[in-house]
Amino acid sequence: MSMQTEALLIKNPVAVMSGLRGESARLGKVDLRVRNGRIETIASNLDARADERVIDASSCVVYPGWVNTHHHLFQNLLKAVPSGINANLEEWLAAVPYPRLARFTPELARIAARLGFAELLLSGVTTCADHHYLYHASGTTETGDLLFDEAASFGMRFVLCRGGALQAAGDHPGFSKVALKPETLDQMLADIERLKSRYHDGGDASMRRVVVAPTTPTFSLPPELLPEVARAARRMGLRLHTHLSETRRYVDFCKERFNQLPVEFVADHEWLGPDVWFAHLVHLQASEIAMLAETGSGCSHCPVSNARLGSGIAPAPQMANAGVPMSLGVDGVASNESGSMTNEAHFAWLVHRAAQGASATTVEETIHWGTQGGAGVLGLDAVGTLEVGKAADFVLYDVNHPRFHGFHDLAVAPVAAGEPSRVRYSVVNGCVVVDNGVIPGLDLDALRHEAAEGVKLLLAD
Ligand SMILES: [Zn+2]
């Protein structure tokens, strides 16, 4: 698959959502012209030019491409593992990913990544931040490189959150049995430097970013190394990402061990700021929400995974109201069983209304979290909205189907109706990456066979 930026005219859509908040969320029935990877014009009744490809959008609604800010691509070969399907987080970690970490050869990691990118693209994701933590002292670092390769072959905008641990996480049940020797700080930082020089582009519409992302700040490294890691990232001009406050047990551990709430703990170790975002943030005190808002530290809200593992419901409306930068992530599909951002947004819209009442959130706000909000926490300022001059990243959802007939407002249909969404076209950086419902050049039968072989190799506990 080779990606080429095209001159495009998206003609006659049913509706266009902008990714912006409030009154600006809807653009109506406007055409979009794309040149050199950017949106050149948004206006009604644009006439086609001789050199441009016209895409008939008359059965489609147009969304900015979803920005998935927390994922674990390797988990695409670990969906619905029986010993973890009804487990809580700690049991699930011990049963599903941890015993198999050392078994992910580069070849298996590649198959998992290809499955993941295919599903993400076919649900409308155009940017993916992958929290990749398959690193240990004697393991290969080439899986990070192959993720960039595969992202490029699918045309996905890609952020590698380079994870890993600097201490054996004996406090996490299950991990102590794994007996993988953790990397040293020098090993981790040397690989991040290498990845940065080879791949990182800090531009506002960058296709490739590197982020410094130890797996958790409490379990994965000794506290005295947290500021060192943060300072190294800031010296290199890289962002910071990690898991935080996913379960009650996580909060209790932090209080018992460090006598602090998790956000207080990371604040004391230089891990707050507009260059930091955290996955989950399920269990927070009001004082912690205020600290996140004051420092501009962001959240990757993963409501499906949090529900699936029984971890709780993050106070996302409270965070958003306080001014915490919000985004959506599907988390790993071993604790979600879906990599679809449409599914995630659908659930995010519903769950807070169920828990807190109908004023908790709106469809438009949920779409904003999953698009402009996501681009914001990643620092991709030219991404996430449909506006003139912004990167041409968008999705055409086909609504010519009985399940969408009868809608008074088709603009909200993909999120309000949930899956199955029907992506007819997807465009990233001006390149058509889903063309008439198909990922060009991708052999789905071959991928299915590879996945089946991969599952066989990972079957035993
Ligand atoms: Zn995660």
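Rules behind the numbers
- Residues numbered from 1 in each chain as written.
- Predicted model: local features only at pLDDT ≥ 70, side-chain atom pairs only at ≥ 80, totals over all residues.
- Heavy atoms only, no water.
- Helix = DSSP H or I, 4+ residues; strand = E, 2+ residues; numbered from the N terminus.
- Rg over C-alpha atoms; globule rule 2.2 N^0.38 Å.
- Contact = heavy atoms within 4.5 Å.
- Areas by Shrake-Rupley, 256 points an atom, 1.4 Å probe, with all protein chains shown as cover.
- Lys, Arg positive; Asp, Glu negative; His and termini not counted.
- Charge placed at Lys NZ, Arg CZ, Asp CG, Glu CD.
- Donors = N, O, S within 2.8 Å, 3.2 Å for Na, K, Ca; no water.
- Tetrahedral: all angles 85-135°; square planar, octahedral: opposite > 155°, others 65-115°.
- Buried < 20%, exposed > 50% of the residue type's maximum accessible area, 1.4 Å probe, protein only.
- Domains from an automatic or database assignment.
- Buried area = accessible area lost by both parts, 1.4 Å probe.
- Salt bridge = Lys/Arg side-chain N within 4 Å of Asp/Glu carboxyl O.
- Core = buried A, V, L, I, M, F, W, Y, C linked by side-chain atoms within 4.5 Å.
- Phe/Tyr/Trp six-rings, centres within 6.5 Å; stacked < 30°, edge-to-face > 60°.
- Lys NZ or Arg CZ within 6 Å of the ring centre and 35° of its normal.
- Pairing = 2+ DSSP bridges.
- Axes fitted to C-alpha atoms, helices over the stretch in contact; angles between N-to-C directions.
- Expected span 1.5 Å × (residues − 1).
- Parallel < 35°, antiparallel > 145°, perpendicular 65-115°, else oblique.
- Left-handed = near helix turned anticlockwise from the far one by under 90°.
- Nonpolar A, V, L, I, M, F, W, Y, C, P; charged D, E, K, R; others polar.

**Some words on the overall build of the protein chain**
Okay, so step 1: Helices and strands together make up the secondary structure of the protein chain, namely 14 helices and 18 strands.
Okay, so step 2: The C-alpha radius of gyration of the protein chain comes to 21 Å, within 12% of the 23 Å expected for a compact globule of 461 residues.
Okay, so step 3: Overall size of the protein chain, expressed as C-alpha extent along the three principal axes, is 65 × 45 × 45 Å.
Okay, so step 4: Within the protein chain, counting contacts between residues at least 6 apart in sequence, those at least 24 apart form 76% of the total.
Okay, so step 5: With an accessible surface of roughly 16600 Å², the protein chain has 50% of that area assigned to carbon and sulfur atoms.
Okay, so step 6: The average position of the 39 basic charges and that of the 52 acidic charges among the side chains of the protein chain differ by 2 Å.

**Concerning the coordination of the zinc ion**
Okay, so step 1: Listed as protein donors to the zinc ion are His 70 (NE2), His 72 (NE2), His 243 (NE2) and Asp 331 (OD); their distances from the metal cover 2.1 to 2.4 Å.
Okay, so step 2: Viewed at the metal, the four donor atoms of the zinc ion are separated by angles of 89 to 171°, and the geometry they form is irregular.
Okay, so step 3: Here the donor residues of the zinc ion are spaced in sequence according to H-x1-H-x170-H-x87-D. Taken as a pair, His 72 in the loop between β8 (66-71) and α1 (89-95) and Asp 331 in the loop between β15 (326-328) and α11 (341-356) lie far apart in primary sequence, 259 residues in all.
Okay, so step 4: Note on Asp 331: relative accessible area 4%, which makes it buried.

**Focus on the domain arrangement of the protein chain**
Where interface size is quoted, it is often the accessible area lost as the parts come together.
Okay, so step 1: The domain architecture assigned to the protein chain consists of domain 1 (8-64 + 389-435) and domain 2 (66-378).
Okay, so step 2: A straight line from the C-alpha centre of domain 1 to that of domain 2 covers 29 Å.
Okay, so step 3: At the interface, 28 residues of domain 1 touch 28 residues of domain 2.
Okay, so step 4: Roughly 2200 Å² is buried in total at the junction of domain 1 and domain 2, and carbon and sulfur atoms are behind 59% of that figure.
Okay, so step 5: Taken together, domain 1 and domain 2 are joined by four salt bridges.
Okay, so step 6: Put simply, Asp 393 and Arg 157 hold a salt bridge, and the shortest N to O gap is 2.7 Å.

**Things to note about the nonpolar core**
Okay, so step 1: Core analysis: the largest hydrophobic core is formed by 116 residues, its most contacted members being Trp 66, Leu 77, Phe 117, Trp 271, Phe 278 and Met 319.
Okay, so step 2: The element best represented in this core is helix α2 (residues 106-123), accounting for nine residues.
Okay, so step 3: The next biggest cluster of nonpolar side chains, apart from the first, holds 18 residues, and it includes Ile 10, Ile 39, Phe 394 and Tyr 425.

**Concerning the packing of aromatic side chains**
Okay, so step 1: Taken as a whole, this structure holds 13 aromatic pairs when the rule is applied.
Okay, so step 2: Note on Tyr 63 and Trp 66: the rings are 6.0 Å apart at their centroids and 50° apart in plane angle, and the pair reads as tilted. Comparing Tyr 63 with Trp 66, the two get one shared label, buried.
Okay, so step 3: Their ring planes at 85° and their centres at 5.5 Å tell us that Tyr 63 and Tyr 397 sit as a pair that is edge-to-face. Linking Tyr 63 in strand β7 (residues 60-64) with Tyr 397 in strand β16 (residues 394-398), this pair joins segments that are 334 residues apart in sequence. The two residues Tyr 63 and Tyr 397 agree in class, both being buried.
Okay, so step 4: Here a set of aromatic residues connected by ring pairs shows up, and it is made of Phe 117, Phe 148, Phe 154, Phe 158 and Tyr 199.
Okay, so step 5: Just above the ring of Tyr 135 sits the side chain of Arg 162; from NZ or CZ to the centre is 3.4 Å.

**Points about the sheet that holds strand β17 (residues 423-428)**
Okay, so step 1: One open sheet holds the six strands; their spatial order is β3-β2-β7-β16-β17-β18, and the pairing between them is mixed. This sheet does not close on itself; its edge strands, each paired only once, are β3 (26-28) and β18 (431-434). With strand direction ignored, the average angle separating the axes of adjacent strands in the sheet is 20°.

**Here's the deal with helix α3 (residues 142-154)**
Okay, so step 1: Between its first and last C-alpha atoms α3 spans 19 Å; for 13 residues at 1.5 Å apiece the expected length is 18 Å, and the two agree.
Okay, so step 2: Extensive coverage of α3 is indicated by the burial of 10 of its 13 residues.
Okay, so step 3: What α3 keeps buried is the set Thr 143, Gly 144, Asp 145, Leu 146, Leu 147, Phe 148, Glu 150, Ala 151, Ser 153 and Phe 154.
Okay, so step 4: Here the buried face of α3 lies against α2, β9 (125-132), β10 (157-162), α4 (185-199), β11 (208-212) and β18.
Okay, so step 5: Backbone geometry just after α3 places Gly 155 at a positive phi near 80°.

**Description of the packing of α3 against α4**
Okay, so step 1: Close contact between α3 and α4 brings their axes to 11 Å; oriented N to C, the two are set at 20°. Viewed along their axes, α3 and α4 adopt a mutual orientation that is roughly parallel. Relative to α4, the crossing made by α3 is right-handed. Taking contact as the criterion, the partners of Gly 144, Asp 145 and Phe 148 in α3 are, on α4, Arg 194, Leu 195, Arg 198 and Tyr 199.
Okay, so step 2: Considered class by class, the residues forming the contact of α3 with α4 number three nonpolar, one polar and three charged.

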